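Fold and geometry: a report
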Amino acid sequence: MTTLENIVQYAKAQGFVFQGSELYGGLANTWDYGPLGALLKQNIKKAWIDRFQRQSPYNVLLDSSILLNTEVWKASGHLGGFSDPLTECRSCNMRFRADKLIEEHDKTTSPDGWSNEKMYQYLIDHEVACPNCGKKDFLPIRSFNMMFQTHQGVVLDTASKIYLRPETAQGIFIQFKNIQRTTRRKVPFGVCQVGKSFRNEITPGNFIFRTREFEQMELEFFCKPGTEIEWFKYWKQACMQFLLDLGVNKQDLKFDDHKPEALSHYSNATTDIQYNFPWGFDELWGIASRTDFDLNAHQTHSGENLTYLDPDTNERYLPYVVEPSVGVERLFLMFLSNGLTEETLENGDIRQILKIHPALAPYKAAILPLFRKEHKDLAEKIYADLSKHFDVVYDETQNIGKRYRRQDAIGTYLCITVDHDSEATQTVTVRNRDTMEQERIAITDLRAYIEKTIEF
Ligand code: GAP
């Protein structure tokens with residue numbers, strides 16, 4: 001198992017993830033995605049949209065605003081209740097999420113659904129120690145709202161106060177009517193959205209696992225009341241299958257079904273897909289059956305009728321919602337953790353490989369002229385042709401062995417080498433990252449060959 005430290009070092013060294021604002025000493029827990037990281041993120045989002053929207057008979061896309069009318073957050077309950085239980089060590093003044101302190105103290109205890117008072121009593125009764133200084137003396141717990149505030153317009157008065165969205169989901173709920181009307185979709189149907197969300201997390205950390213700025217990929221799936229548990233199971237399996245199809249090791253994935261007493265008040269079924277991160281199993285993907293809580297809240301608060309009229313049965317109802325919601329960065333970290341490997345070659349050399357599905361690999365192929373002088377022209381032509389369709393990279397520096405190693409280390413799936421026979425035969429060698437096997441392929445077949453590798 002790769003350690004988190006190895007992943008962080010690798011990500012920085014190869015240009016996947018850099019410390020945010022590094023030039024100015026950094027800004028805590030912010031990260032920039034370098035040339036390879038930007039490609040990987042883009043590929044993760046593309047894979048999710050391909051699977052959950054493009055290939056789905058049910059789902060459409062939305063791209064809603066980050067800034068929404070404050071009434072949205074009143075209706076959704078975020079202004080009143082989107083908070084984490086904050087406590088502070090009386091001795092060193094470090095602040096912590098009380099629920100996390102309890103979970104870390106005893107992994108078998110789940111404080112989901114506990115009141116602040118109950119959590120505080122637990123800290124006292126179980127003599128939970130401060131992870132920073134070791135003292136066992138915390139301040140009473142208070143709820144800390146996690147929404148980022150800002151001001152719209154030129155006057156910094158209370159009327160101009162607005163919030164950065166803490167989830168993309170509400171943007172979907174408030175456009176439910178417009179989407180249904182314009183697409184003329186019948187329930188069941190779903191709406192997919194990818195976009196930035198912001199949460200003023202008390203304890204961000206574990207590299208890109210929990211940050212204050214992150215990207216979510218959320219599906220709100222609208223269905224007829226009474227069918228939601230069936231759809232909940234359907235999307236649970238679909239999410240798991242997506243991960244398996246992209247090569248995530250089965251033994252590192254599991255469902256964590258929430259017990260009835262731990263469910264949110266609006267949910268009648270919730271599960272998390274957990275991944276075995278370097279520090280152990282932790283939440284990757286939340287899947288919740290949310291009943292009609294959100295549409296109902298917006299209907300009541302806005303005064304607009306959000307019910308759906310079933311054209312076949314003439315029934316009118318508020319659809320129920322099943323919501324799978326995942327963070328792009330959590331998937332990113334999982335794919336690095338799942339894929340980073342080292343192999344010892346016969347000559348004793350170490351080969352570092354990022355074993356990542358070709359659909360996600362930053363580069364699908366590297367085009368390598370065996371000798372720069374002789375093979376450059378044809379190699380550049382192949383690069384120009386393939387780059388119209390795929391992310392490919394051209395590399396002519398150092399010997400071919402070193403170039404192979406470099407590409408293996410960043411996950412490039414194929415190495416296409418132009419050699420002495422290529423011009424006359426119009427063929428190249430294609431080397432596979434994982435098996436290191438090589439085959440001779442006609443240049444005209446390369447596009448179809450790469451196309452096949454990125455299917456999942
Ligand atoms: N609309 C439902 C919702 O937002 P959530 O469980 O709060 O549910 C869903 O978040 C997913 O978003 C999580 O499972 C995780 O993958 C990602 N996520 C949430 N908070 C995050 C954070 N601070 N940093 C990175 N990813 C986060």
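**A look at the environment of Arg406**
Examined against the element boundaries, Arg406 turns out to sit in helix H13 (residues 400-409). In sequence terms Arg406 and Arg351 are 55 residues apart; their C-alpha atoms lie 9.3 Å from each other. Among the polar contacts listed, one links the side chain of Arg406 to the side chain of Asp395, at a separation of 2.7 Å. Polar side-chain contacts of Arg406 include one of 2.5 Å to the side chain of Gln398.

**Quick word on the pattern of salt bridges**
One pass over the full model with this rule turns up 35 salt bridges. The residue Lys224 makes a salt bridge to Glu315 at a minimum N-O spacing of 2.9 Å. Remark: Glu315 occurs in the loop between strand S14 (308-309) and strand S15 (316-317) and Lys224 occurs in the loop between strand S10 (213-223) and helix H9 (228-245); sequence separation between them is 91 residues. On the basis of relative accessibility, which here comes to 33%, the residue Glu315 falls in the partly exposed class. The salt bridge involving Asp385 is made with Lys381; its shortest N-O contact spans 3.0 Å. One end of the pair, Asp385, and the other, Lys381, are both in helix H12 (residues 372-386), four residues apart, so they sit about a helical turn from each other.

**With respect to the environment of Ile102**
As for its position among the elements, Ile102 is in helix H5 (residues 98-105). When the C-alpha positions of Ile102 and Val248 are compared, they lie 30 Å apart, and in sequence the two are 146 residues distant. Sequence-distant contacts of Ile102, that is, excluding residues within four places in its chain, are made with Thr109, Pro111, Trp114, Met119, Tyr122 and Leu123.

**Observations concerning the domain arrangement of the protein chain**
What the domain assignment lists for the protein chain is domain 1 (4-81 + 147-335), domain 2 (83-145) and domain 3 (363-453). When each unit is reduced to the centre of its C-alpha atoms, the spacing between domain 2 and domain 3 is 55 Å.

**A few points about the site of the ligand**
Near the ligand, the surroundings consist of 19 residues, among which Glu167, Arg199, Glu201, Glu218 and Glu283 are the closest. Here an oxygen atom of the ligand sits 2.8 Å away from a polar atom, N or O, in the side chain of Arg199. The separation between an oxygen atom of the ligand and a polar main-chain atom of Leu284 is 2.8 Å. Protein contact buries 88% of the 560 Å² of open area that the ligand shows by itself. Among the elements of the structure, S10, strand S13 (280-289) and strand S16 (320-327) are those that each provide at least two residues to the shell around the ligand. A per-class count over the shell around the ligand returns six nonpolar, five polar and eight charged.

**Focus: the sheet that holds strand S6 (residues 142-145)**
Consider a sheet: its strands pair through backbone hydrogen bonds, and that pairing is either parallel or antiparallel. Reading across from one edge, S5-S4-S6 is the order of the three strands in this open sheet, with antiparallel pairing throughout. Each edge of the open sheet is held by one strand with a lone partner, namely strand S5 (95-97) and S6. Mean inter-strand twist for the sheet, computed between neighbouring axes without regard to direction, equals 50°. In the sheet, strand S4 (residues 83-88) pairs with S6 via four bridges, with the strands oriented antiparallel.

**What about the sheet that holds S16?**
Strands sit in the order S3-S9-S10-S16-S13-S12-S11 across an open sheet of seven strands; the sheet is mixed. Sheet topology places strand S3 (59-62) and strand S11 (253-257) at the edges, where each strand pairs with a single neighbour. Direction aside, neighbouring strands of the sheet carry axes that sit 25° apart on average. Each of S3, S10, S11, strand S12 (269-277), S13 and S16 touches H9; the most contacted strand, S13, lies at about 145° to it.

**Overview of the packing of aromatic side chains**
Applying the stated criterion across every chain, the model contains 30 aromatic pairs. The interplanar angle of 85° and the centroid separation of 6.3 Å between the aromatic rings of Phe173 and Phe222 together place this pair among those described as edge-to-face. A residue pair is termed long-range when its members are at least 10 positions apart, and Phe173 in helix H7 (residues 169-173) and Phe222 in strand S10 qualify at 49 residues. Consider the rings of Tyr308 and Tyr317, whose centres lie 5.7 Å apart with planes at 65°: the pair is edge-to-face. Ring pairing ties together the aromatic residues Trp48, Phe52, Tyr58, Phe221, Trp231, Tyr234, Trp235, Phe242, Trp285 and Phe456, which thus form one cluster. A cation sits over an aromatic face here: Lys254 above Phe281, 4.3 Å from the ring centre.

**Let's talk about the environment of Val128**
Here Val128 shows up in the loop between helix H6 (116-125) and S6. When its relative accessible area of 3% is taken as the criterion, Val128 is described as buried. In this structure, Val128 is in contact with Leu101, His105, Tyr122, Leu123, Lys135, Lys136 and Phe138, ignoring residues within four places of it in sequence.

**A word on the packing of H5 against H6**
With their axes 10 Å apart at the nearest point, H5 and H6 run at an angle of 40° to one another. Taken together, the axes of H5 and H6 are oblique relative to one another. Taken as a pair, H5 and H6 cross one another with a handedness that is left-handed. The residues of H6 that touch H5, namely those facing Ala98, Asp99, Leu101, Ile102 and His105, are Met119, Tyr122 and Leu123. Each residue belonging to the contact of H5 with H6 can be placed in one class, and the counts come to six nonpolar, one polar and one charged.

What counts, and where the lines are drawn
Residues numbered from 1 in each chain as written. Predicted model: local features only at pLDDT ≥ 70, side-chain atom pairs only at ≥ 80, totals over all residues. Heavy atoms only, no water. Helix = DSSP H or I, 4+ residues; strand = E, 2+ residues; numbered from the N terminus. Polar contact = N/O pair within 3.5 Å; in protein donor to acceptor, adjacent residues only side chain to side chain. Salt bridge = Lys/Arg side-chain N within 4 Å of Asp/Glu carboxyl O. Buried < 20%, exposed > 50% of the residue type's maximum accessible area, 1.4 Å probe, protein only. Contact = heavy atoms within 4.5 Å. Domains from an automatic or database assignment. Near = heavy atom within 4 Å. Areas by Shrake-Rupley, 256 points an atom, 1.4 Å probe, with all protein chains shown as cover. Nonpolar A, V, L, I, M, F, W, Y, C, P; charged D, E, K, R; others polar. Pairing = 2+ DSSP bridges. Axes fitted to C-alpha atoms, helices over the stretch in contact; angles between N-to-C directions. Phe/Tyr/Trp six-rings, centres within 6.5 Å; stacked < 30°, edge-to-face > 60°. Lys NZ or Arg CZ within 6 Å of the ring centre and 35° of its normal. Parallel < 35°, antiparallel > 145°, perpendicular 65-115°, else oblique. Left-handed = near helix turned anticlockwise from the far one by under 90°.

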